[in-house]
Amino acid sequence: RLELLAIRQGLNFVRVDPRITRNDRTLTLDVEFALVNGPRIFVERIDIEGNNTTLDRVIRSRFDVVEGDPFNPRQIRESAQRIRALGYFGSAEVDAREGSSPDQVVIDVDVTEAPTGSLSFGGNFSTDNGFSLLARFNQRNFLGRGQSLSFNVQGGADNRVFNFGFTEPRLLGRDLSFGIDMTYQTTNNQNALYDTTRGTIRPRIGFPVSENGRLTLFYAYDFTDIKDVSTTSPFIVADEAIGGIGTNALGYNYSYDTRRTGLNPNAGVLVRFGQEFGFGDSDFIKTTAEITAQTRVLSEEVTLRATVQGGYLSYTDGQSRITDRYFLSSRTMRGFEPGGIGPRDAATDDALGGNAFAVARLEAEFPLGLPEEYGISGGVFLDYGSVWEVGSAAGPVLYDDFTPRTIAGVSIFWNTPIGPLRFNWTEPLDVQPGDNTKQFDVTISTEF
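No experiment lies behind these values; they were computed from the predicted model shown.

1. Let's talk about the overall build of the protein chain
Helix and strand counts for the protein chain stand at 4 helices and 23 strands. Summarising its shape, the C-alpha atoms of the protein chain cover approximately 85 × 55 × 40 Å along the three principal directions. With 448 residues in all, the protein chain has 38% of them scored as buried. Once local pairs closer than 6 in sequence are excluded, the contacts in the protein chain between residues at least 24 apart make up 54%. One finds the centroid of the 42 positive side-chain charges in the protein chain at a distance of 5 Å from the centroid of its 58 negative side-chain charges.

Here it is in structure tokens:
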């Protein structure tokens, strides 16, 4: 960390030498960090072998140094870790040897290609949507260029989903990413009060704005059609079923992430903020924000995490429909069925969603004393939040104001061959009449 800080301040050849003094009488160790001038050695060249498919530039992009830069062994080791983290190679060895003179080094990179594509057919189960069949194609290193390409077709009894995604991580050879995402989805639930058809296309471009900050700009077109509205549906839903509506939007997402590049390897902060400015059949501004902080304590065995997340949707022309509003998922606030929290039609008790939401999540993850090869750990969590504000309503609405709920629970994390699973058992501490809670759910776990 000291050497990294020195490099950031332009001191390229500073080395930190830890000097330890053993005190047998007091049973302590004195550690002195001596900042010394290291040898003035430069990178002569970088040789890459074994990449039969992957282009050289994809591997070189993982290095922070180029030919002629000062040589820092720690930077080279970190570059080797980034090459392995790509997941394109079965093995990746990075070594340094003396070059044409004693003050020059040659960096040798020897990699072995590994499969990077997958084609899968199978079934998918979620506690929110039930069982569905799916076909998926994914290529993480398309044509050896480091590009990602994916197709996903999923069909169940009540919905159909098609997704397409493409990302070029280094457009024009620079730290500039370009991508496009497309989604087409239909719902046809016999027990629902309405059916929907929705299509979205979203091209995007992202680039760094600081050492830890990144900005993504995007355009989005969204078409939504509400149809087959039940005669018993809420007044507000019936009023919204006026045919298909298409909206255009320009927006941005900013992220600040110190999880891997910060000076403290055991703590980090992730900040996300984004806005979407819509125009077309309706004009709106959609704002979302999230702040997550994490640290490891008790010999780095216990992970503490805190997250605050929120969003607000405001209209300058038109009003939100039920397909536009927020419905908190089990990833956002645990312990509720889909549509189980938030504004409801007073006559039918049906969920309407909200134009605003705010959630605070606290959790801890810790070992359970089982052998490490089992891949099982435990956790506890507390969620506090709400979704509210329907907007212009045709009928009386319950919980249209901020009405918080509180959920506590325990978790089991299990790293399985099909992916990291998370099992949650929840207990409502403060809920409202009409809320649909659930005591258990299974999700794919994501790491901070």
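2. Comments concerning the environment of glycine 378
Along the chain, the position of glycine 378 falls in strand β19 (residues 376-388). The spatial distance from the C-alpha of glycine 378 to the C-alpha of tyrosine 252 is 36 Å, given a sequence separation of 126 residues. Setting aside its immediate chain neighbours within four residues, glycine 378 contacts Ala364, Glu365, Phe366, Leu368, Ser411 and Phe413.

3. Some remarks on the pairing of strand β16 (residues 302-317)
Within a regular strand, side chains alternate between the sheet's two faces. Of the strand pairs in this sheet, strand β15 (residues 283-297) and β16 are connected by 15 bridges, and their pairing is antiparallel. Bridged to threonine 287 within β16 is tyrosine 312. Where β15 folds back onto β16 in an antiparallel hairpin, the turn is made up of 4 residues, including leucine 298, whose phi is positive at roughly 55°. As paired elements, β16 and strand β18 (residues 356-367) share 10 bridges and run antiparallel to each other.

4. A short note on helix α3 (residues 73-85)
Its 13 residues give α3 an end-to-end C-alpha distance of 19 Å, which sits within 8% of 18 Å, the value for a rise of 1.5 Å per residue. Among the structural elements, α1 (2-8), α2 (56-60), β4 (89-98) and β5 (104-113) are those in contact with the buried residues of α3. Following α3 by one or two positions, glycine 87 adopts a phi angle in the positive range, close to 80°.

5. A short note on the packing of aromatic side chains
Applying the stated criterion to the full structure yields 10 aromatic pairs. Looking at arginine 202, its charged tip hangs above the ring of phenylalanine 218, at a distance of 4.5 Å from the centre. The ring of tyrosine 399 carries the charged tip of arginine 405 above its face, separated from the ring centre by 5.1 Å.

6. What to know about the sheet that holds strand β3 (residues 42-49)
The strand order β3-β5-β4 describes an open sheet built from 3 strands, whose pairing is mixed. A single partner strand is all that each edge strand has here, and the edge strands are β3 and β4. Neighbour-to-neighbour, the strand axes of the sheet open up by a mean angle of 15°, direction not taken into account. Here β4 runs beside β5; their pairing, made up of 9 bridges, is antiparallel. Note that in β5 the partner of alanine 92 across the bridge is valine 111. Sitting on the sheet, α3 is in contact with β4 and β5, with an inclination near 160° to β4.

7. Description of the nonpolar core
Counting 21 residues, the largest nonpolar core has Ile59, Phe63, Ile83, Val94, Ile107 and Val109 as the members making the most contacts within it. If you list the elements that add at least two residues to this core, you get β3, α2, α3, β4 and β5. It is β5 that contributes the most residues to this core, 4 residues altogether. Apart from residues no more than four positions distant in its own chain, isoleucine 83 is found in contact with Ile59, Arg62, Phe63, Phe89, Ala92, Val94, Val109 and Val111.

8. Observations regarding a negative patch on the surface
There is a patch of like negative charges on the surface, built from Glu49, Glu93, Asp95 and Asp110. Position of aspartate 110 relative to the elements: it lies in strand β5.

9. Details of the side chain of threonine 54
Positionally, threonine 54 belongs in the loop between β3 and α2. Aside from chain neighbours lying at most four places away, what touches threonine 54 is Ile59, Tyr88, Phe89, Glu113, Asn141 and Gly144.

10. Things to note about the pattern of salt bridges
Two side chains with opposite charge may pair up if their charged atoms get near one another. Counted by the stated rule, this structure contains 18 salt bridges. A salt bridge links glutamate 44 to arginine 45, with the nearest nitrogen and oxygen atoms 3.9 Å apart. Arginine 214 is the salt-bridge partner of aspartate 175, the closest N and O atoms lying 3.4 Å from each other. Separated by 39 residues along the polypeptide, aspartate 175 in the loop between β9 (159-168) and β10 (177-187) and arginine 214 in strand β12 (residues 213-227) bring together distant segments of the chain.

11. What to know about the environment of serine 299
You can see serine 299 is positioned in the loop between β15 and β16. Separated by 38 residues in sequence, serine 299 and glutamate 337 place their C-alpha atoms 37 Å apart.

12. Considerations on a nonpolar patch on the surface
A surface patch of nonpolar side chains, amounting to about 630 Å² of accessible area, comprises Leu2, Ile20, Leu29, Val31, Phe33 and Leu35. Here the nonpolar patch gets 4 residues from one element, more than from any other, and that element is strand β2 (residues 28-37). Checked against the element boundaries, leucine 35 lands in strand β2. When its relative accessible area of 60% is taken as the criterion, leucine 35 is described as exposed.

13. Details of the environment of serine 79
Its location among the elements puts serine 79 in helix α3. Expressed as a C-alpha distance, the spacing of serine 79 and tyrosine 221, which sit 142 residues apart in the sequence, is 39 Å. When sequence neighbours within four positions are dropped, the list of residues in contact with serine 79 reads Arg62, Phe63 and Asp64.

14. Some details on the side chain of glutamine 139
Considering the arrangement of structural elements, one finds glutamine 139 in strand β7 (residues 130-142). At 2.5 Å, the side chain of glutamine 139 and the side chain of threonine 116 are in polar contact. Once you skip the residues sitting within four places of it in the chain, glutamine 139 turns out to touch Thr116, Gly117, Gln147, Ser148 and Leu149.

Conventions we followed
- Residues numbered from 1 in each chain as written.
- Predicted model: local features only at pLDDT ≥ 70, side-chain atom pairs only at ≥ 80, totals over all residues.
- Heavy atoms only, no water.
- Helix = DSSP H or I, 4+ residues; strand = E, 2+ residues; numbered from the N terminus.
- Buried < 20%, exposed > 50% of the residue type's maximum accessible area, 1.4 Å probe, protein only.
- Contact = heavy atoms within 4.5 Å.
- Lys, Arg positive; Asp, Glu negative; His and termini not counted.
- Charge placed at Lys NZ, Arg CZ, Asp CG, Glu CD.
- Pairing = 2+ DSSP bridges.
- Expected span 1.5 Å × (residues − 1).
- Phe/Tyr/Trp six-rings, centres within 6.5 Å; stacked < 30°, edge-to-face > 60°.
- Lys NZ or Arg CZ within 6 Å of the ring centre and 35° of its normal.
- Axes fitted to C-alpha atoms, helices over the stretch in contact; angles between N-to-C directions.
- Core = buried A, V, L, I, M, F, W, Y, C linked by side-chain atoms within 4.5 Å.
- Patch = residues over 30% accessible without salt bridge, like charges linked within 9 Å, V, L, I, M, F, W, Y side chains within 5 Å.
- Areas by Shrake-Rupley, 256 points an atom, 1.4 Å probe, with all protein chains shown as cover.
- Salt bridge = Lys/Arg side-chain N within 4 Å of Asp/Glu carboxyl O.
- Polar contact = N/O pair within 3.5 Å; in protein donor to acceptor, adjacent residues only side chain to side chain.

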